[in-house]
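Topology and contacts: notes
Okay, here's what each chain looks like letter by letter:
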Amino acid sequence: MILFFGTRPGKKTIKKLDGATCPYCHQLDTMTAVMQPNYAHLFWIPVFTVNNVKYAECSYCKRGFDKEEFTPEMERALTE
């Protein structure tokens, strides 16, 4: 019997971070956050979530920020 098991990225969720300032260029309301889950799958059917990838990008200076680089202001805007 052959089992097909692996991981695959899920659907991206994009959210504008209202009220957040870019830590690099200091522009207000230019940040967007992207969240994407990675799923373990069996026969191409998602079984459970392995991890969630989160990062943010400034639309003005195009600088990206990993989850570890989020400021408290960015975290607060993400949870709202």
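Scroll up a little and you will see the structure.
Our subject in this report is the structure included herewith. All of these numbers come straight from a predicted model, not from anything done at the bench.

The rules behind these values
- Residues numbered from 1 in each chain as written.
- Predicted model: local features only at pLDDT ≥ 70, side-chain atom pairs only at ≥ 80, totals over all residues.
- Heavy atoms only, no water.
- Helix = DSSP H or I, 4+ residues; strand = E, 2+ residues; numbered from the N terminus.
- Contact = heavy atoms within 4.5 Å.
- Buried < 20%, exposed > 50% of the residue type's maximum accessible area, 1.4 Å probe, protein only.

1. Description of the environment of Phe-65
- Residue placement: Phe-65 occurs in strand S5 (residues 64-66).
- Taking C-alpha positions, Phe-65 is 9.0 Å from Lys-54, a pair spaced eleven residues apart along the chain.
- Residues within four places of Phe-65 in sequence aside, it is in contact with Cys-22, Pro-23, Tyr-24, Met-31, Tyr-55, Ala-56, Phe-70 and Met-74.

2. So, the side chain of Thr-30
- For Thr-30, the position within the fold is in the loop between strand S2 (13-16) and strand S3 (31-42).
- A relative accessible area of 11% places Thr-30 in the buried class.
- Contacts of Thr-30, omitting those with residues within four sequence positions, involve Lys-16, Ala-20, Cys-22, Glu-57, Cys-58, Ser-59 and Tyr-60.

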